[in-house]
Amino acid sequence: MSGDWPLWEVFVRARGGLEHRHVGSVHAPDSELAIRHARDTYTRRTEGVSLWVIRSSEITASDPDQSAALFEPAQDKVYRHPTFYDLPDAVKHM
């Protein structure tokens with residue numbers, strides 16, 4: 001039966017953590033049950049304080065084979081690099 005249910009990607013924020021991390025997937029008919037399945041599967045030992053679930057079909061990702069075309073333009077913006085600026089001697093650890 002669960003083979004007919006959509007796949008949901010699960011993200012958990014750890015206790016004391018700042019970001020949600022992808023931990024796996026669950027099958028569920030809707031978001032409410034997806035949250036419950038995610039809780040039961042990925043936070044049984046109280047590892048998390050927050051859950052996100054999203055249908056896998058709703059995720060859009062870049063193609064690693066096309067990373068040069070996507071990320072190379074950032075190299076053209078030299079003002080984003082700290083070497084473009086003169087830092088005062090008082091500034092440490094840059």
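Everything discussed here concerns the structure shown above.
Here we summarise the structure given alongside this text.

Here is what the cut-offs are and how they apply
Residues numbered from 1 in each chain as written. Predicted model: local features only at pLDDT ≥ 70, side-chain atom pairs only at ≥ 80, totals over all residues. Heavy atoms only, no water. Helix = DSSP H or I, 4+ residues; strand = E, 2+ residues; numbered from the N terminus. Buried < 20%, exposed > 50% of the residue type's maximum accessible area, 1.4 Å probe, protein only. Contact = heavy atoms within 4.5 Å. Core = buried A, V, L, I, M, F, W, Y, C linked by side-chain atoms within 4.5 Å. Pairing = 2+ DSSP bridges. Axes fitted to C-alpha atoms, helices over the stretch in contact; angles between N-to-C directions. Expected span 1.5 Å × (residues − 1). Polar contact = N/O pair within 3.5 Å; in protein donor to acceptor, adjacent residues only side chain to side chain.

Remarks on the overall build of the chain
Part 1 of the argument: A tally of helices and strands in the chain yields two helices and three strands.
Part 2 of the argument: Going residue by residue from the N terminus, the α and β elements of the chain occur as β-β-α-β-α.
Part 3 of the argument: Counting over 94 residues, the chain shows a buried share of 13%.
Part 4 of the argument: Across the chain, contacts joining residues at least 24 apart in sequence account for 44% of those joining residues at least 6 apart.

Some details on the nonpolar core
Part 1 of the argument: Formed by Trp8, Val10, Val12, Val26, Ala28, Ala34 and Ala38, the largest nonpolar core amounts to seven residues.
Part 2 of the argument: Secondary-structure elements contributing two or more residues to this core are strand E1 (7-14) and helix H1 (31-42).
Part 3 of the argument: Among the elements that line this core, the one with the most residues is E1, at three residues.
Part 4 of the argument: With residues near it in sequence (within four places) discarded, tryptophan 8 still touches Gly24, Ser25, Val26, His27, Ala28, Asp30, Ser31, Ala34, Val53, Ile54, Arg55 and Ser56.

Topic: the sheet that holds strand E2 (residues 20-27)
Part 1 of the argument: Read across the sheet, three strands follow the order E2-E1-E3 without closing on themselves; strand pairing throughout is antiparallel. If you trace the sheet from one side to the other, it starts and ends with E2 and strand E3 (48-55), each paired once. In this sheet, adjacent strand axes meet at a mean angle of 30° when their direction is disregarded.
Part 2 of the argument: The strands touched by H1 within the sheet are E1, E2 and E3, with E2 carrying the most contacts at an inclination of about 110°.

Thoughts on the environment of proline 29
Part 1 of the argument: Along the chain, the position of proline 29 falls in the loop between E2 and H1.
Part 2 of the argument: It is 9.5 Å that separates the C-alpha atoms of proline 29 and tryptophan 8, two residues lying 21 residues apart in sequence.
Part 3 of the argument: Those residues in contact with proline 29 that sit more than four places away from it in its chain are Trp5, Pro6 and Arg55.

A short note on the pairing of E1
Part 1 of the argument: Inspection of the sheet shows E1 paired to E2 by seven bridges, in the antiparallel sense. In the strand pairing of E2, valine 12 is matched with arginine 21.

Side note on H1
Part 1 of the argument: Its twelve residues place the ends of H1 16 Å apart at the C-alpha level, agreeing with the 16 Å of an ideal helix rising 1.5 Å per residue.
Part 2 of the argument: Between the side-chain oxygen at the start of H1 and the backbone nitrogen of glutamate 32 there is a gap of 3.2 Å, and the oxygen is on aspartate 30.

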